[in-house]
Amino acid sequence: MQLVRFNPTRNMVNFRNPMNHFFDDFFGDLFRGERSDLNRGWNPKVDIFEEADQIVMTAELPGVEKDNIAVDVNGRVLTVKGERSSDSEVKEDNYYRRERSYGKFERSFTLPAETDSEKIKAEYKDGVLTLNIPKSESGKTKPITVQ
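What counts and what doesn't
- Residues numbered from 1 in each chain as written.
- Predicted model: local features only at pLDDT ≥ 70, side-chain atom pairs only at ≥ 80, totals over all residues.
- Heavy atoms only, no water.
- Helix = DSSP H or I, 4+ residues; strand = E, 2+ residues; numbered from the N terminus.
- Core = buried A, V, L, I, M, F, W, Y, C linked by side-chain atoms within 4.5 Å.
- Buried < 20%, exposed > 50% of the residue type's maximum accessible area, 1.4 Å probe, protein only.
- Contact = heavy atoms within 4.5 Å.
- Pairing = 2+ DSSP bridges.
- Axes fitted to C-alpha atoms, helices over the stretch in contact; angles between N-to-C directions.
- Phe/Tyr/Trp six-rings, centres within 6.5 Å; stacked < 30°, edge-to-face > 60°.
- Lys NZ or Arg CZ within 6 Å of the ring centre and 35° of its normal.
- Salt bridge = Lys/Arg side-chain N within 4 Å of Asp/Glu carboxyl O.

### Points about unusual backbone geometry
A positive phi angle, near 55°, is found at D126, a position not held by glycine. Along the chain, the position of D126 falls in the loop between β6 (121-125) and β7 (128-134).

Below, the structure written as structure tokens:
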């Protein structure tokens with residue numbers, strides 16, 4: 001049996017991440033010092049996964065018009081930005097509840113060095129933006145035969 005030095009924070013990492021996500025989702029930008037009015041913006045949820053020949057990113061952008069979405073690549077930084085407008089003008093005191101966020105958003109991601117940013121393809125369908133980011137030849141896995 002091997003002795004392990006006691007570390008009281010070792011298991012806290014597994015607890016801390018879900019709690020951080022919970023508070024980020026619940027309180028939004030309140031603790032980040034950003035404005036708390038209706039134009040404070042919002043952050044769309046993003047999934048990023050890797051396939052054999054590409055990296056795929058999907059972003060939930062419900063209610064955002066295709067013309068209000070911009071995708072830029074500067075070096076290795078991929079930026080998705082846009083704006084979701086409010087459907088109608090209703091005075092604040094006429095609301096019973098307002099949970100949907102409106103305004104501008106901007107998310108930036110650092111791409112791995114082995115991607116080909118010249119060949120990125122973007123598709124927007126049913127409120128979901130899908131980016132296909134192909135890997136460069138140097139980033140693809142190459143099998144090596146053992147002699």
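### Structural notes on the nonpolar core
In terms of nonpolar packing, the biggest core is built from 15 residues, with L61, L129 and L131 touching the most fellow members. At the level of secondary structure, the elements contributing two or more residues to this core comprise β2 (54-60), β4 (77-84), β5 (103-110) and β7. Sequence-distant contacts of L131, defined by excluding residues within four places in its chain, comprise I55, V56, M57, V71, L78, V80, K121 and A122.

### Regarding the sheet that holds strand β1 (residues 46-50)
Within the open sheet, the four strands sit side by side as β1-β2-β7-β6. Their pairing is antiparallel. Edge positions in the sheet fall to β1 and β6, since each has one partner strand and no second. This sheet shows a mean twist of 15° between the axes of neighbouring strands, independent of strand direction. Across five bridges, β6 lies against β7 in antiparallel orientation. Paired with A122 across the strands is L131, a residue of β7.

### What to know about the packing of aromatic side chains
In this description, an aromatic ring pair is defined by two values, namely the gap between the centres and the angle between the planes. By the definition in use, this model includes one aromatic pair. Geometry around W42 places R84 over its ring, the cationic atom sitting 3.9 Å from the centre. When the ring centre of Y102 is taken as origin, the NZ or CZ atom of R84, which lies over that ring, is 5.9 Å away.

### Focus: the pattern of salt bridges
Applying the stated criterion across every chain yields a total of three salt bridges. For the salt bridge of D72 with K81, the shortest nitrogen-to-oxygen distance reads 3.5 Å. Note on D72: relative accessible area 36%, which makes it partly exposed. Residue classification places K81 among the partly exposed positions, given a relative accessible area of 31%.

### Details of the sheet that holds β5
Read across the sheet, three strands follow the order β3-β4-β5 without closing on themselves; strand pairing throughout is antiparallel. Across the chains shown, the open sheet's two edge strands, defined by having one partner strand only, are β3 (69-74) and β5. The average undirected angle you get between the axes of adjacent strands in this sheet is 15°. By the bridge criterion, six bridges tie β3 to β4 in an arrangement that is antiparallel. Directly across from N74, in β4, lies its bridge partner V77.

### Brief notes about the pairing of β7
Along any regular strand, the residues point their side chains to alternate faces of the sheet. Taken together, the seven bridges between β2 and β7 define a ladder with antiparallel strand orientation. Its bridge partner lying in β7, E60 is registered against V128. Counting the residues between successive antiparallel strands, the hairpin from β6 to β7 contains two residues, one of them, D126, with a positive phi of roughly 55°.

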